[in-house]
Amino acid sequence: LQDGMQMKPRIRTFHFGSLASFVLAGALFVAGCSSSEPQTFEKAAAEATDSLVAQTGKLPSFLAKIESALAKPDANAPKRITVLDPMLDMITGQQTETTKLLERRVTQRMGLKFPQFEFLPFQSGNLTRARYLMTGTVSRVASDGPRHQVRISLALTDLKTTLVVAQASALALEENLDSTPSPYYKDSPVLIKDKVVEGYAKTTAAAPGQHADPYYMERIAASSVISEATTLYNAERYQDALGQYKTALATPQGQQLRAESGVYLTNMKLGHVSEAEQAFGRIVALGIAYNELGVKFLFNPGSTEFWSDPKISGAYAMWLRQIAREMAASGRCMKIVGHTSKTGPAAINDAISLKRASYIRQRLAAEQPALAARTQVEGMGFRQNIVGSGTDNAFDVLDRRVEFKILPCG
């Protein structure tokens, strides 16, 4: 799906009884033993895992070398039950093949080297049994060199106190990493960006001794239900997934973009078009409340026509109808921002993205004439790419989006 080019489409513990000051000292010591140079993904994942575990040891471990800190645990010590909220690629906010690989490497290493940790599935019933919550992210790091880098970050949070007890990170070379999103994220009509995802990232980056993000932690039980539903969706068990998404949405904490997107997707898979449209309307309402919504409208290359394949663009008329309806009801104003992938000259991409934003505005005004006076347009070309790979495949589909930024009127 190339932009900026005229061509035919192509498919392309620490124990808190000790003094708090030692927590910081120990964390700094362990961080100081970490490599500042990028490594292979496998080595970086191992380093971050070992550093994370070292920080959960008793006081003497902080003052020893890493080898001592990772000494064999007491076989009679109680298990440290842990649940893992699926790791996220913070470039896109998605679960990808790389984040799933990171999960496997971390849990496998902890299982082999640190058997005091026992992982249970991320399910609501296990949250009361578990001591720790693990989170993890992969994020791109700015680099002046020719080789791209990513930062692997891991955190352990005490579920009772909501304090982050350990945090570790390591640099890895962005080589041979598979950034293909999971089926749910690939199919989602919108960029999954809300306060829960932001809270997940903040928690994973928090220093030991700090509280995890409260918004995220207050919704952790509902998030576990959403995670179960997403696993079912990825396994093509759409009816079961729909039931789980609805269970999450039945609670105030479950009113999340991930859940509404799941209801939309499962209803579409099941052929329940009317229910899917209602769900998309609620997605838009959540975006308005969040003041931003990114929708994956795809266009034919170099034009303002929607992608020709009805399997991709067949729902766009319904999306526009619901966006117009919810915006009109909100009484708010908005800026429609067009984006393109990083292919072709910048000037051409700027022009194309502006024309596409203008086209969306025309379609919305046709649905709700009052929106003509409450909308403005902007073309960003590829200047605000989320991915920026220019691969024009499923990975950088988020770069070819239209954003709706909600603004006050007047």
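Just above, that's the structure.
Since the model is a prediction, treat every value here as computed from it, not as a measurement.

(A) Expanded view of the overall build of the protein. Helices and strands together make up the secondary structure of the protein, namely 16 helices and ten strands. Expressed as a percentage of its 410 residues, the buried residues of the protein come to 52%. Of the roughly 18100 Å² of accessible surface on the protein, a fraction of 54% belongs to carbon and sulfur atoms.

(B) Geometry of the state of the cysteines. Under the counting rule described, the total for this entry stands at one disulfide. Each sulfur in the disulfide pair Cys333 and Cys409 lies 2.0 Å from the other. Residues Cys333 and Cys409 share a disulfide whose torsion about the S-S bond is about 115°; that sign makes it right-handed. Of this pair, Cys333 sits in strand β8 (residues 333-338) while Cys409 sits in the segment after β10 (402-407); the two residues are 76 residues apart in sequence, bridging distant segments of the chain. Cys409 gets classed as partly exposed once you look at its relative accessible area, which sits at 39%.

(C) Structural context of the packing of helix α15 (residues 316-330) against helix α16 (residues 346-367). Two elements in contact, α15 and α16, have axes separated by 9 Å at closest approach and are oriented at 65°. It follows that α15 is roughly perpendicular to α16 by the angle criterion. The two elements α15 and α16 cross, and the hand of that crossing is right-handed. Note on element contacts: α16 touches α15 through Ile360, Arg363, Leu364 and Glu367, opposite Ala317, Leu320, Arg321, Ile323 and Ala324. Residues belonging to the contact of α15 with α16 are distributed by class as follows: six nonpolar, no polar and three charged.

(D) Spotlight on the pattern of salt bridges. Considering all chains together, one arrives at 16 salt bridges under this definition. One salt bridge connects Arg237 with Asp240, and the closest N-O pair in it is separated by 2.9 Å. What makes Arg237 partly exposed here is its relative accessible area of 45%. Between Arg321 and Glu277 there is a salt bridge, with the nearest N and O atoms lying 2.8 Å from each other. Taken together, the residues span a long stretch of sequence, with Arg321 in helix α15 and Glu277 in helix α13 (residues 273-290) at a distance of 44 residues. With relative accessibility at 28%, the residue Arg321 sits in the partly exposed group. Since its relative accessible area comes to 15%, Glu277 is described here as buried. Because the salt bridges share partners, they merge into one network encompassing Lys193, Glu292, Arg401, Glu403 and Lys405.

(E) How the structure looks around the packing of α13 against α15. Put simply, α13 and α15 touch, their axes get as near as 9 Å, and they point 45° apart. Taken together, the axes of α13 and α15 lie oblique to each other. Here the hand of the crossing between α13 and α15 comes out right-handed. Together, Glu277, Phe280, Gly281, Val284, Ala285 and Ile288 of α13 and Met318, Trp319, Arg321, Gln322, Ile323, Glu326, Met327 and Ser330 of α15 make up the contact between the two elements. Grouping the constituent residues of the contact of α13 with α15 by class yields eight nonpolar, three polar and three charged.

(F) Structural detail: the packing of aromatic side chains. By the definition in use, this model includes 15 aromatic pairs. Geometrically, the ring pair formed by Phe297 and Tyr316 is edge-to-face, given 5.2 Å between the ring centres and 85° between the ring planes. Remark: Tyr316 occurs in helix α15 and Phe297 occurs in the loop between β7 (292-295) and α14 (310-313); sequence separation between them is 19 residues. You'll find Phe297 and Tyr316 in the same group, each marked buried. The rings of Tyr264, Phe280, Phe297, Phe299, Phe306, Tyr316, Trp319 and Tyr359 are connected pair by pair, giving a single aromatic cluster. A cation over an aromatic ring shows up here: Arg219 above the ring of Tyr215, its NZ or CZ 3.5 Å from the ring centre.

(G) Highlighting the nonpolar core. Ranked by internal contacts, the top residues of the largest apolar core, which has 95 residues, are Tyr264, Phe297, Ile360, Leu364 and Phe404. Looking at which element gives the most residues to this core, the answer is α15, with seven residues. Apart from residues lying up to four places away in sequence, Phe297 is in contact with Phe306, Tyr316, Trp319, Leu320, Ile323, Ile360, Arg400, Arg401, Val402 and Phe404.

(H) Representation of the side chain of Ser353 within the structure. Looking at the secondary structure, you find Ser353 in helix α16. Engagement of the side chain of Ser353 in a polar contact is seen with the backbone oxygen of Asp350, the distance being 2.9 Å.

The rules behind these values
- Residues numbered from 1 in each chain as written.
- Predicted model: local features only at pLDDT ≥ 70, side-chain atom pairs only at ≥ 80, totals over all residues.
- Heavy atoms only, no water.
- Helix = DSSP H or I, 4+ residues; strand = E, 2+ residues; numbered from the N terminus.
- Buried < 20%, exposed > 50% of the residue type's maximum accessible area, 1.4 Å probe, protein only.
- Areas by Shrake-Rupley, 256 points an atom, 1.4 Å probe, with all protein chains shown as cover.
- Disulfide = S-S within 2.5 Å.
- Axes fitted to C-alpha atoms, helices over the stretch in contact; angles between N-to-C directions.
- Parallel < 35°, antiparallel > 145°, perpendicular 65-115°, else oblique.
- Left-handed = near helix turned anticlockwise from the far one by under 90°.
- Contact = heavy atoms within 4.5 Å.
- Nonpolar A, V, L, I, M, F, W, Y, C, P; charged D, E, K, R; others polar.
- Salt bridge = Lys/Arg side-chain N within 4 Å of Asp/Glu carboxyl O.
- Phe/Tyr/Trp six-rings, centres within 6.5 Å; stacked < 30°, edge-to-face > 60°.
- Lys NZ or Arg CZ within 6 Å of the ring centre and 35° of its normal.
- Core = buried A, V, L, I, M, F, W, Y, C linked by side-chain atoms within 4.5 Å.
- Polar contact = N/O pair within 3.5 Å; in protein donor to acceptor, adjacent residues only side chain to side chain.

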